[in-house]
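Read off the chains here:
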Amino acid sequence: MLHRLTPLEETRAYQSIFVKGEAKGKAEGKAEGLKRLLARRFGPLPPWAEECIATASPAQLDAWIDDLLDADSLTALIGPQRRPESAS
């Protein structure tokens, strides 16, 4: 009996990896778009703001995008600058 080989694209593993990669790409696109809009509105972004954006969830990025036009400042939108954690 001959076995039919399943095309790679039809395997569960491939589909799972594809979905995760697609979600990551969408989040990165949102982050890049948000950074461009923030820089246009408030000027060059400080490193702390770039870090906040880079580590934000997709839901948080959406919230910042939604609130961007109503924010008076970068700090009012993203929050106060995070202080580095001290080494213990």
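Residues numbered from 1 in each chain as written. Predicted model: local features only at pLDDT ≥ 70, side-chain atom pairs only at ≥ 80, totals over all residues. Heavy atoms only, no water.

Asks: Tell me about the packing of aromatic side chains, residues and numbers included.
Replies: Taken as a whole and judged by the stated rule, the model has 1 aromatic pair. Arranged with centres 6.3 Å apart and planes meeting at 15 degrees, the rings of Tyr 14 and Phe 18 form a pair that is stacked. Taken as a pair, Tyr 14 and Phe 18 lie in helix 1 (residues 12–42) at a separation of 4 residues, close to a single helical turn. Note on Tyr 14: relative accessible area 30%, which makes it partly exposed. (Phe/Tyr/Trp six-rings, centres within 6.5 Å; stacked < 30°, edge-to-face > 60°. Helix = DSSP H or I, 4+ residues; strand = E, 2+ residues; numbered from the N terminus. Buried < 20%, exposed > 50% of the residue type's maximum accessible area, 1.4 Å probe, protein only.)

Asks: How would you explain the pattern of salt bridges if you had to name every residue and give the values?
Replies: Considering all chains together, one arrives at 3 salt bridges under this definition. Between Glu 32 and Lys 35 there is a salt bridge, and its shortest N-O distance comes to 3.0 Å. With Glu 32 and Lys 35 both in helix 1, this residue pair falls 3 residues apart, about one helical turn. Put simply, Glu 32, Lys 35 and Glu 50 are held in one network by salt bridges that share partners. (Salt bridge = Lys/Arg side-chain N within 4 Å of Asp/Glu carboxyl O.)

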